[in-house]
Amino acid sequence: MNERKTLPAVSVAVVRGTTVLLVKRARPPSQGVYAFPGGKVEPGETQQEAAVRELLEETGLRADGYRPLRDIHIDGSGENHPVDYLLTVFGAVYAGGEAAASDDAETAAFYTLDEMADMPLAGDVFEVAKQLLDPSDVGA
């Protein structure tokens, strides 16, 4: 069996008030699905540096208070993607800029949990957003 390569990747869940930032992915994997902005960690950069860079590249926004929330293994084989990713999801707080989609993002905007309930979301997006926006409900 051929061993699949796993690459490090990051995404950032940026909170502004009672909303969280999502981008609609313009390319595979997960094309057309809403997710946190992110991408691959480049050689020589830390995960947090990658998260800051990807957020700026994809949305033009800045955030503060970056902290890792969870690691998610993304199996690319289901979409015939050549590699898998070990995605580290960071939480952060909005610090400035206007959300504008670019790079890998088709759209970029802030959404409430109610709005997200009816959207096509990637993997753990809703659970992470709920953890950030409604901490009293975690583990309930």
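So, a few notes on the structure that sits alongside this text.

About the cut-offs
Along each chain, the written sequence defines residue order, and numbers are assigned to residues from 1. A pLDDT threshold of at least 70 governs which residues receive local features in this predicted model, and a stricter bar of 80 or more applies before side-chain atom pairs are shown or counted, although totals over entire chains, interfaces and linings include all residues. Calculated side-chain values reflect all of the structure's heavy atoms, with hydrogen atoms and water omitted. Within this document, salt bridges are pairs made up of a side-chain nitrogen of Lys or Arg and a carboxyl oxygen of Asp or Glu, the two lying within 4 Å of each other. Exposure is judged per residue with a 1.4 Å probe applied to protein chains only, and the accessible area is read against the type maximum: over 50% gives exposed, under 20% gives buried, and values in between give partly exposed. Pairing of aromatic rings covers Phe, Tyr and Trp, the last through its six-membered ring, and needs centres within 6.5 Å; plane angles under 30 degrees mean stacked, over 60 mean edge-to-face, and all others mean tilted. Numbering of helices and strands starts at the N terminus; helices are DSSP runs of H or I of at least 4 residues and strands are runs of E of at least 2. Geometrically, a charge over a ring is one whose NZ (Lys) or CZ (Arg) sits within 6 Å of the ring centre while staying within 35 degrees of the ring normal. His is not counted, nor are the chain ends; Lys and Arg add positive charge and Asp and Glu add negative charge. Throughout, a contact is declared for two residues whenever any of their heavy atoms are within 4.5 Å. We treat two strands as partners when DSSP finds at least two bridges between them. A cavity here means a set of points on a 1 Å grid, drawn over the protein atoms and nothing else, where a 1.4 Å probe fits but cannot get out; a pocket is an open set with protein on both sides within 12 Å along at least five of seven lines, and a residue lines either one if it has an atom within 4 Å of a point. Grid points are joined across faces, edges and corners, and a volume is the space filled by probe spheres set on the points. Nonpolar residues are Ala, Val, Leu, Ile, Met, Phe, Trp, Tyr, Cys and Pro. Charged residues are Asp, Glu, Lys and Arg, and all others, Gly as well, are polar. Under this definition, polar contacts are N or O atom pairs within 3.5 Å; protein pairs additionally need one hydrogen-donor-capable and one acceptor-capable atom, and for neighbouring residues in sequence, both atoms have to be side-chain atoms.

## Some points on the pattern of salt bridges
Part 1 of the reasoning: Counting across every chain of the model gives 7 salt bridges.
Part 2 of the reasoning: Note that Arg53 is salt-bridged to Glu54, the shortest N-O span being 3.1 Å.
Part 3 of the reasoning: Taking the relative accessible area as the measure of exposure, Glu54 reaches 6% and is therefore buried.
Part 4 of the reasoning: When salt bridges that share partners are traced, they join Glu42, Glu45, Arg53, Glu54 and Glu57 into one network.

## Considerations on the packing of aromatic side chains
Part 1 of the reasoning: Within the structure shown, the criterion is met by 3 aromatic pairs.
Part 2 of the reasoning: Look at Tyr94 and Phe110: their rings are 5.7 Å apart centre to centre, the planes differ by 90°, and that puts the pair in the edge-to-face class. Pair noted here: Tyr94 is in strand 6 (residues 84-96) and Phe110 is in strand 7 (residues 105-111), with a separation of 16 residues, a long-range link.
Part 3 of the reasoning: Here the guanidinium or amino end of Arg16 rests over the ring plane of Tyr94, the centre of that ring lying 5.0 Å away.

## Notes on the side chain of Glu58
Part 1 of the reasoning: The topology assignment puts Glu58 in helix 1 (residues 47-59).
Part 2 of the reasoning: Within the buried set, Glu58 has no salt-bridge partner at all; the shortest N-O distance to an opposite charge, 5.1 Å, is to Arg25.
Part 3 of the reasoning: Setting aside residues no more than four positions away along its own chain, Glu58 makes contact with Val23, Pro37, Gly38, Ala100, Ala101, Ser102, Asp103, Asp104 and Ala105.

## Quick look at the pairing of strand 6
Part 1 of the reasoning: The sheet contact formed by strand 1 (residues 6-16) and strand 6 spans 10 bridges and is parallel. Paired with Thr6 across the strands is Asp84, a residue of strand 6.
Part 2 of the reasoning: For strand 5 (residues 62-74) and strand 6, the ladder comprises 10 bridges, and the chain directions are antiparallel. Each bridged residue has a counterpart across the sheet, and for Ala63 the counterpart in strand 6 is Tyr94.

## Topic: the layout of surface pockets
Part 1 of the reasoning: In this structure, the largest pocket spans a volume of roughly 640 Å³.
Part 2 of the reasoning: Taken together, 32 residues make up the lining of the largest pocket; nearest its centre are Arg25, Pro29, Ile74, Tyr85 and Leu87.
Part 3 of the reasoning: Looking at side-chain class alone, the lining of the largest pocket contains 15 nonpolar, 7 polar and 10 charged residues.

## Concerning the side chain of Thr59
Part 1 of the reasoning: Positionally, Thr59 belongs in helix 1.
Part 2 of the reasoning: On the basis of relative accessibility, which here comes to 0%, the residue Thr59 falls in the buried class.
Part 3 of the reasoning: At a separation of 2.6 Å, a polar atom in the side chain of Thr59 contacts the main-chain carbonyl oxygen of Leu55.
Part 4 of the reasoning: A polar contact is formed between the side chain of Thr59 and the backbone nitrogen of Leu61, at a distance of 3.2 Å.
Part 5 of the reasoning: Here Thr59 is in contact with Leu21, Val23, Pro37, Glu98, Ala99, Ala100, Ser102 and Ala108, once residues within four sequence places are set aside.

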